[in-house]
Amino acid sequence: MYRKVIKRLLDIIISLAALIILSPVLLIVAILVRCKLGSPVIFHQERPGYHEKIFKLCKFRSMTDERDAEGNLLPDAIRLTKFGKILRATSLDELPELWNILKGDMSVVGPRPERPELAQQYEKTMPEFEFRLHVKAGLTGYAQVIGLYDTAPYDKLKMDLMYIESYSLLLDLRIILMTLKTALFP
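All of these numbers come straight from a predicted model, not from anything done at the bench.

Draft legend 1. Summary view of a nonpolar patch on the surface. A cluster of nonpolar side chains, Leu177, Leu180, Leu184 and Phe185, forms an exposed patch at the surface whose accessible area comes to about 480 Å². Taking the relative accessible area as the measure of exposure, Phe185 reaches 64% and is therefore exposed.

What follows is the structure, given as structure tokens:
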């Protein structure tokens, strides 16, 4: 019952409540992104999701569109501004993903969605990676609260697979609380 109905219902309630409660923060960040980085404020990136369906992940923009003389984008390290680093460090850049959750592309809790090129690379070296696509991608996940940003991809995959095998209401609530604790008290 939880996996088929309640999880989706909770996703809708949590994402809608968060969008309403955080709307002043979303507005302020959107204005700052527009002033400091330009347009568009929201960055869309394709990600493989549930059953390999590609969806457009929404994030606040954190890099400029600076290009070289031939019109090619400069390397990410150059385009990522100090303001963009702050957005990423505080995870404020990920707040628009609440819209992805409300739409049903993602869940509040699940494996983080990888960029398509990384997903393809991981599928070649770690065949069990495809099992991550048997559940919706999440805004937060077991690997994010238990692992660290420098955790090796295979170790993150093992954590994601452990979550997929045994997720429940209690585990999801625990992950949400751990995420809030990390976000509010880094």
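Moving on from the coordinates now.
Draft legend 2. Spatial organisation of the packing of aromatic side chains. This model, assessed by the stated rule, comprises 3 aromatic pairs. Linked through ring pairs, Tyr2, Tyr163 and Tyr167 together constitute an aromatic cluster. Over the ring of Tyr167 we find Arg3, and its NZ or CZ is 4.0 Å from the ring centre.

Draft legend 3. Examining helix α6 (residues 116-125) more closely. Within α6, the full set of buried residues consists of Leu118, Ala119 and Tyr122. All buried residues of α6 project into a common sector of 100° when viewed along the axis, lining one side. Opposite its buried face, α6 presents the exposed residues Gln120 and Lys124, each directed more than 90 degrees away. The inward-facing, buried residues of α6 contact β1 (42-48) and α8 (153-166).

Draft legend 4. The pairing of strand β2 (residues 54-60), seen in detail. Of all 7 residues that make up β2, 5 are buried, and the element is covered over most of its length. Pairing between β1 and β2: 7 bridges, direction antiparallel. Across the sheet, Arg47 pairs through a bridge with Phe55, a residue of β2. Two successive antiparallel strands, β1 and β2, enclose a turn made up of 5 residues, where His51 displays a positive phi of approximately 55°.

Draft legend 5. Structural context of the nonpolar core. If you look at the biggest cluster of nonpolar residues, it comprises 31 residues, and the most contacted ones within it are Val33, Phe60, Tyr163 and Ile175. Per-element accounting of this core gives the leading share, 4 residues, to helix α2 (residues 23-37). Those residues in contact with Tyr163 that sit more than four places away from it in its chain are Lys7, Val109, Gly110, Pro111, Tyr142, Leu171, Asp172 and Ile175. Listed in part, the 6 residues of the second largest apolar core include Leu118, Ala119, Met126 and Leu157.

What counts, and at which threshold
Residues numbered from 1 in each chain as written. Predicted model: local features only at pLDDT ≥ 70, side-chain atom pairs only at ≥ 80, totals over all residues. Heavy atoms only, no water. Patch = residues over 30% accessible without salt bridge, like charges linked within 9 Å, V, L, I, M, F, W, Y side chains within 5 Å. Areas by Shrake-Rupley, 256 points an atom, 1.4 Å probe, with all protein chains shown as cover. Salt bridge = Lys/Arg side-chain N within 4 Å of Asp/Glu carboxyl O. Buried < 20%, exposed > 50% of the residue type's maximum accessible area, 1.4 Å probe, protein only. Phe/Tyr/Trp six-rings, centres within 6.5 Å; stacked < 30°, edge-to-face > 60°. Lys NZ or Arg CZ within 6 Å of the ring centre and 35° of its normal. Helix = DSSP H or I, 4+ residues; strand = E, 2+ residues; numbered from the N terminus. Arc of directions from axis to C-beta. Contact = heavy atoms within 4.5 Å. Pairing = 2+ DSSP bridges. Core = buried A, V, L, I, M, F, W, Y, C linked by side-chain atoms within 4.5 Å.

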